[in-house]
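What follows is each chain in one-letter form.
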Amino acid sequence: QEVAPDTAYVTIGMETTGEDAQQARTQNNEVMSQVTAAMKSMGIAPENLKTMGFYMSPNYDSKSRKIVSYTVTNNLQIKVSDLDMIPRIIAKAANLNANSIQGIRFTNEKTEQIKDNLVKQAIINGRRQAEAAAQAAGMSLGKVKEISISGRSPSYENGYAGATLRMSAKAADYAPVEAGTNTLSETVTMTFYLQ
């Protein structure tokens, strides 16, 4: 069954380079603090904001192997259930000078009822086919001996991984984001006694 996602995880990042570690970290902290505050002001709950990586590394001169600068990277993952917010989140982060988006991941966190219905339908279909096969063989369907169920959970990906944010925050410049759909499937294998 085709299902639309109900949740997205957007990872906004900031990479800064400075002559010393403190300078690079301070510049990075300023932007990411503003991004975090902006996400909260947009109505995103603090529990839906998560730091996904903070890295600081030296950069070396290729000839003398002397440290010439430091690069700091900080990534913030934002969980949203209102998928229409995604373009606004990206535009706001860009407006605050966040300079990368590490990815958008779409998923379904409310699939249990859909899975239950798929299993029920698969059992109905399986029994009908088994009855037809038994009749064709001159027999009748007996009790169920065994049932096994396996499924595939949907996962959604959008083509933003590793992209660099280069846009203004004007409404006309909102990045188009389409969540699409994915197939959610359940497989039921049934074994019947024949009589």
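Before reading further, recall that the structure is shown in the block above.
As the structure is a prediction and not an experimental result, all values here were calculated from the model. (Residues numbered from 1 in each chain as written. Predicted model: local features only at pLDDT ≥ 70, side-chain atom pairs only at ≥ 80, totals over all residues. Heavy atoms only, no water.)

1. Notes on the overall build of the chain
Here is step 1 of the chain: Helix and strand counts for the chain come out as three helices and nine strands.
Here is step 2 of the chain: Helices (α) and strands (β) of the chain occur, in sequence order from the N terminus, as β-β-α-β-β-α-β-α-β-β-β-β.
Here is step 3 of the chain: Put simply, the chain has 195 residues, and 37% of those count as buried.
Here is step 4 of the chain: Summing over all exposed atoms, the chain offers an accessible surface of approximately 11,600 Å²; the carbon and sulfur share of this is 47%. (Helix = DSSP H or I, 4+ residues; strand = E, 2+ residues; numbered from the N terminus. Buried < 20%, exposed > 50% of the residue type's maximum accessible area, 1.4 Å probe, protein only. Areas by Shrake-Rupley, 256 points an atom, 1.4 Å probe, with all protein chains shown as cover.)

2. Observations concerning the packing of aromatic side chains
Here is step 1 of the chain: Evaluation of the coordinates by the stated rule reveals zero aromatic pairs.
Here is step 2 of the chain: For R65, the ring lying beneath its charged end belongs to Y60, and the centroid distance is 4.7 Å. (Phe/Tyr/Trp six-rings, centres within 6.5 Å; stacked < 30°, edge-to-face > 60°. Lys NZ or Arg CZ within 6 Å of the ring centre and 35° of its normal.)

3. Considering the nonpolar core
Here is step 1 of the chain: In this structure, I12, V35, M39, I44, I78, I86 and I89 are the most contacted members of the largest nonpolar core, which totals 24 residues.
Here is step 2 of the chain: Residue assignment for this core shows that the elements contributing at least two residues are β2 (7-18), α1 (21-41), β4 (67-80), α2 (86-95) and β5 (100-107).
Here is step 3 of the chain: Looking at this core element by element, the count peaks at five residues for α1.
Here is step 4 of the chain: Counting residues in hydrophobic clusters, the runner-up holds eight residues, among them V119, L141, M190 and F192. (Core = buried A, V, L, I, M, F, W, Y, C linked by side-chain atoms within 4.5 Å.)

4. Some points on α2
Here is step 1 of the chain: Buried residues dominate α2, accounting for seven of its ten residues.
Here is step 2 of the chain: Here α2 has its buried residues at I86, P87, I89, I90, A91, A93 and A94.
Here is step 3 of the chain: Each element contacted by the buried residues of α2 is listed here: β2, α1, β4 and β5.
Here is step 4 of the chain: One or two residues past the end of α2 sits N97, with phi positive at roughly 80 degrees. (Contact = heavy atoms within 4.5 Å.)

5. Considering unusual backbone geometry
Here is step 1 of the chain: You will see that N97, though not glycine, has its phi angle at about 80 degrees, which is positive.
Here is step 2 of the chain: Residue classification places N97 among the exposed positions, given a relative accessible area of 54%.

6. Comments concerning the pairing of strand β3 (residues 49-60)
Here is step 1 of the chain: Here β3 runs beside β4; their pairing, made up of eleven bridges, is antiparallel. Residue pairing across strands places T51 opposite L76, the latter belonging to β4.
Here is step 2 of the chain: Linking β3 to β4, which pair antiparallel, is a turn of six residues; within it R65 sits at a positive phi near 55 degrees. (Pairing = 2+ DSSP bridges.)

7. Some thoughts on the environment of T17
Here is step 1 of the chain: If you trace the backbone, T17 turns up in strand β2.
Here is step 2 of the chain: T17 gets classed as partly exposed once you look at its relative accessible area, which sits at 46%.
Here is step 3 of the chain: With residues up to four places along the chain from it excluded, the contact list for T17 reads A24, Q27, N59, S69, Y70 and T71.
Here is step 4 of the chain: Among the polar contacts listed, one links the side chain of T17 to the side chain of T71, at a separation of 3.0 Å. (Polar contact = N/O pair within 3.5 Å; in protein donor to acceptor, adjacent residues only side chain to side chain.)

8. A look at the side chain of T16
Here is step 1 of the chain: Here T16 lies in strand β2.
Here is step 2 of the chain: At a separation of 3.5 Å, a polar atom in the side chain of T16 contacts the side chain of N28.
Here is step 3 of the chain: Those residues in contact with T16 that lie beyond four places of it in its chain are A24, Q27, N28, Y70, T71 and V72.

9. Remarks on a nonpolar patch on the surface
Here is step 1 of the chain: A grouping of V144, I147 and I149 is seen on the molecular surface, where their side chains present a nonpolar patch of about 240 Å² in accessible area.
Here is step 2 of the chain: We classify I149 as partly exposed; its relative accessible area is 49%. (Patch = residues over 30% accessible without salt bridge, like charges linked within 9 Å, V, L, I, M, F, W, Y side chains within 5 Å. Salt bridge = Lys/Arg side-chain N within 4 Å of Asp/Glu carboxyl O.)

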